[in-house]
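Observations on the three-dimensional arrangement
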Amino acid sequence: MTTTQPRPAVEIRDLHKSFGPLEVLKGIDFEVGHGEVVCVIGPSGSGKSTLLRCVNLLEEPTAGKIWVDGTEVTDPDVEIDSVRRGIGMVFQSFNLFPHLTVLDNLTIAQRRVLRRGRGEAERIARDNLERVGLTDKAAAFPAQLSGGQQQRAAIARSLSMEPKLMLFDEPTSALDPELVGDVLTVMRKLAEDGMTMMVVTHEMAFARDVADRVVFMDGGVVVEQGPPQEVLGAPQHERTRSFLSRVLDPTHVAQLGQPDRAPEPPEAPRLSVDDRHNL
Amino acid sequence: MKLRRRQRERLSLWLQYLAFIALIAVVIYAADWDRLRAAFFRVDIIKSMFPTIITVALRNTILYTLGAFAFGLVFGTILALMRLSRVAPYRWVATAYIELFRGLPALLVLFLVGYGIPIAFPEREIPGGVFGSIAIGLGLTAAAYMAETIRAGIQAVPKGQMEAARTLGMSHFTAMRTIVIPQAFRIVIPPLTNELILLTKDSSLAYVLGVTAQTIEVTKFGRDMLNDRVNATPLLVAGLAYLVITLPLSQVVRRLELRYAKAR
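Each chain has its residues counted from 1, following the order in which its sequence is written. In the order they appear in the text, chains get letters beginning with A and ligands get numbers beginning with 1. Where totals are concerned, whole chains, interfaces and linings use all residues; where local detail is concerned, this predicted model gives features only for residues with pLDDT of at least 70, and gives and counts side-chain atom pairs only at 80 or more. As a rule here, side-chain values come from all non-hydrogen atoms in the structure, and water together with hydrogens is ignored.

Here the focus is the sheet that holds strand E4 (residues 63-68) of chain A. All names here are of chain A. Pairing between two strands requires that DSSP report at least two bridges joining them. Strands here are runs of E lasting at least two residues and helices are runs of H or I lasting at least four, both read from the DSSP assignment and numbered beginning at the N terminus. With antiparallel pairing, four strands are arranged side by side in an open sheet as E2-E1-E4-E5. The open sheet has two edge strands, strand E2 (22-32) and strand E5 (71-72), and neither has a second partner. In this structure, E4 lies alongside E5, joined through two bridges in antiparallel fashion. Along E5, the bridge assignment pairs Val68 with Thr71. Packed onto the sheet, helix H1 (residues 48-55) meets strand E1 (10-19), E2 and E4 and runs at close to 120 degrees relative to E1. Every residue pair with non-hydrogen atoms within 4.5 Å of one another is taken to be in contact. Only the stretch in contact is used when a helix axis is fitted, and all axes are lines through C-alpha atoms; the angle between N-to-C directions ranges over 0 to 180 degrees.

Right, dumping it as structure tokens:
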């Protein structure tokens with residue numbers, strides 16, 4: 001159904017984003033096709049998370065336009081809640097709702113947003129828990145799960161809304177190394193099932209094996225992009241090469257620190273206290 | 001002779017026990033127990049206070065407290081949300097209210113509600129009579145305190161919770177109601193318990209509204225008995241009556257916190 005649509009799943013045109021005086025995104029042009037898996041890689045502070053958060057408007061772009069499935073999300077009058085229903089997002093810090101059981105985490109938005117009945121919501125939730133291998137954890141609270149289980153539950157929570165697009169914001173960065181594989185396997189299966197995915201990650205093996213396209217960002221711009229074997233195997237740009245060598249061979253960094261780069265931009269943009277919950 | 005470390009510690013501990021026991025002994029010995037008992041512990045007076053102190057006075061104290069707490073909680077939550085609102089006038093109004101009502105004595109507010117409202121609206125009555133007046137009069141002050149507590153609780157919920165909820169397509173309001181506020185209330189259970197205990201005691205201010213035999217609460221009941229019998233025993237009993245409320249309450253809250261610790 002989605003493959004017949006003329007517009008790409010995600011279309012980004014000349015996207016700029018500043019936090020105060022700090023320009024994090026400096027004109028991004030970008031597309032994600034239906035069913036495509038795009039991995040966004042790059043050094044911390046390169047703007048890749050901000051780019052992802054602009055797609056579902058967790059961050060308001062300063063300039064530029066974004067379409068998701070043909071709907072312009074940067075339109076000031078867009079019904080953002082209904083757009084977000086079709087976009088799943090997985091966070092670095094999981095963000096499961098700690099006061100709800102895993103099952104309720106998966107059903108609450110189905111019931112409140114999609115108005116599904118309890119029976120239907122729970123059936124869909126259990127199907128998705130099975131998909132991520134957590135059938136036996138439905139009644140547990142998030143705090144009783146390991147990091148890897150929490151992240152898989154968070155993925156299942158997003159899937160329960162039956163999104164057409166999934167955004168992953170460094171989904172394995174907060175995990176113990178031995179738990180990373182569980183999450184990546186779930187993501188790979190999702191990709192094989194045809195899900196459109198935008199993945200910000202430091203897992204080069206995942207990018208190499210699963211991505212249809214790899215995008216390397218640095219300093220708020222897309223430096224280069226292409227099939228993983230090209231970007232990761234034969235990078236054209238010096239910045240890409242130096243980043244990859246740092247990531248793939250971290251004990252032999254040529255030059256300590258990165259003097260040519262501005263100090264790291266704030267990871268979480270400063271919001272005034274009053275705006276904390278006014279997304 | 002040099003003591004070893006454990007001997008020194010044991011000696012120090014015993015000295016402290018001894019000092020404590022000595023202090024108690026001195027108090028017990030020095031006090032005039034017969035006079036104390038005559039003034040504060042007349043069994044015949046205690047007997048005469050029952051069952052009214054439970055069936056009427058304690059019952060009313062609990063009702064007034066719960067009424068004021070419920071009113072304060074609802075109104076305080078609204079004030080907290082107003083303080084966090086994007087709409088500037090909401091923030092101004094809430095801030096002004098909180099500053100004003102935290103600064104006024106609860107007695108004064110109760111008095112103003114009890115006598116001011118009937119003067120301002122002679123055609124209307126506060127629903128619930130004395131109970132309504134007390135619930136509103138004490139609740140107005142309690143709301144100001146609770147609003148700040150609840151606001152802090154809401155802000156203590158990580159920002160990612162709101163983001164996750166919004167990402168799932170929830171509106172700001174739905175996310176607030178189903179995700180953020182339930183977590184905020186778990187965080188603020190201890191300070192809200194404080195407020196509930198303070199209200200239990202503040203319910204004794206009900207006397208300014210002129211309570212009757214049916215609407216009397218524990219402190220007023222004790223004071224009336226004191227005047228009646230010219231003996232302080234009723235005050236002791238009244239004091240114990242408050243502990244009958246507050247001690248189990250602390251226990252219940254501790255249980256509640258343990259249960260929620262799992263879901264944090």
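Our next topic: the pattern of salt bridges. Residues and elements named next belong to chain A. Whenever Lys or Arg places a side-chain nitrogen within 4 Å of a carboxyl oxygen from Asp or Glu, that contact is recorded as a salt bridge. One pass over the structure, following the stated rule, counts 29 salt bridges over all chains. Note that Glu31 and Arg13 form a salt bridge whose closest N and O atoms lie 2.4 Å from each other. You can see Glu31 sitting in strand E2 and its partner Arg13 sitting in strand E1, a full 18 residues away along the chain. For Glu31, a relative accessible area of 36% corresponds to the partly exposed category. Arg241 is the salt-bridge partner of Glu238, the closest N and O atoms lying 3.7 Å from each other. Of this pair, Glu238 and Arg241 both sit in helix H9 (residues 238-248), three residues apart, which is roughly one turn of the helix. Among the charged side chains, a network of salt bridges with common partners joins Arg7, Glu11, Arg13, Asp29 and Glu31. Under the scheme applied here, a residue whose accessible area is under 20% of the maximum for its type counts as buried, over 50% as exposed, and between as partly exposed, the area being computed with a 1.4 Å probe on protein chains only.

For Phe, Tyr and Trp, rings pair up if their centres lie within 6.5 Å, where Trp contributes its six-membered ring, and each pair is then called stacked (planes under 30 degrees apart), edge-to-face (over 60) or tilted (otherwise). The final tally for this structure, using the stated rule, is seven aromatic pairs over all chains. Aromatic side chains Phe216(A) and Phe243(A) sit 5.3 Å apart centroid to centroid with 40 degrees between the ring planes, which places their arrangement in the tilted category. Taken together, the residues Phe216(A) in strand E9 (residues 213-218) and Phe243(A) in helix H9 connect sequence positions 27 residues apart. With a centroid separation of 5.5 Å and an interplanar angle of 80 degrees, the aromatic rings of Trp14(B) and Tyr17(B) are classed as edge-to-face. Within this pair, Trp14(B) and its partner Tyr17(B) are both found in helix H1 (residues 5-30), separated by three residues, close to a single helical turn. Residue Trp14(B) is classed as exposed on the basis of its relative accessible area of 54%.

Right, let's talk about the packing of helix H8 (residues 159-167) of chain B against helix H9 (residues 172-187) of chain B for a bit. Residue and element names in this part refer to chain B. Contact geometry of H8 with H9 gives a least axis separation of 9 Å together with a crossing angle of 140 degrees. Between H8 and H9, the crossing angle belongs to the class labelled oblique. By crossing handedness, the relation of H8 to H9 is classed as right-handed. Side by side, H8 and H9 meet where Gln161, Met162, Ala165 and Arg166 of the first sit next to His172, Ala175, Met176, Ile179, Val180 and Gln183 of the second. Its residues assigned to classes, the contact of H8 with H9 comprises six nonpolar, three polar and one charged. Every angle not falling under 35 degrees, over 145, or within 65 to 115 is termed oblique; those three ranges are roughly parallel, roughly antiparallel and roughly perpendicular. Whether a crossing is left-handed or right-handed is set by the direction in which the near helix is turned from the far one by less than a right angle, anticlockwise for left-handed and clockwise for right-handed. Residues are grouped as follows: Ala, Val, Leu, Ile, Met, Phe, Trp, Tyr, Cys and Pro are nonpolar; Asp, Glu, Lys and Arg are charged; every other residue, Gly included, is polar.

This part is about the interface of chain B and chain A. The interface of chain B with chain A comprises 35 residues on the first partner and 35 residues on the second. Buried surface at the junction of chain B and chain A, summed over both partners, amounts to about 3,100 Å²; 58% is from carbon and sulfur atoms. At the boundary of chain B and chain A, one finds two salt bridges. Among the salt bridges present, the one from Glu163(B) reaches Arg53(A), with a minimum N-O distance of 2.6 Å. A quick way to say it: buried area is the sum, across both parts, of accessible area lost when two parts are put together, with a 1.4 Å probe.

On the surface, Arg111(A), Arg112(A), Arg115(A) and Arg177(B) cluster together into a patch of positive charge. Within the fold, Arg177(B) resides in helix H9. With relative accessibility at 43%, the residue Arg177(B) sits in the partly exposed group. The patches described consist of residues with a relative accessible area above 30% and no salt bridge, like charges being joined within 9 Å and nonpolar side chains (Val, Leu, Ile, Met, Phe, Trp, Tyr) within 5 Å. Per-residue and other accessible areas follow the Shrake-Rupley method at a 1.4 Å probe size, with only the shown protein chains counted as cover for residues. Charge counting treats Lys and Arg as positive and Asp and Glu as negative, with His and both chain ends excluded. Note that the charge is assigned to NZ on lysines, CZ on arginines, CG on aspartates and CD on glutamates.

So, on to the UniProt feature "transmembrane region" (unreviewed entry) in chain B. The residues that UniProt annotates with the feature "transmembrane region" (unreviewed entry) are residues 12-31, 62-82, 103-121, 127-147 and 232-253 of chain B. Secondary structure within residues 232-253 of chain B divides into 95% helix and 0% strand; the distance between the first and last C-alpha atoms comes to 33 Å. UniProt positions are given in the numbering used here, feature names are shortened, and annotations may be inferred rather than shown by experiment.

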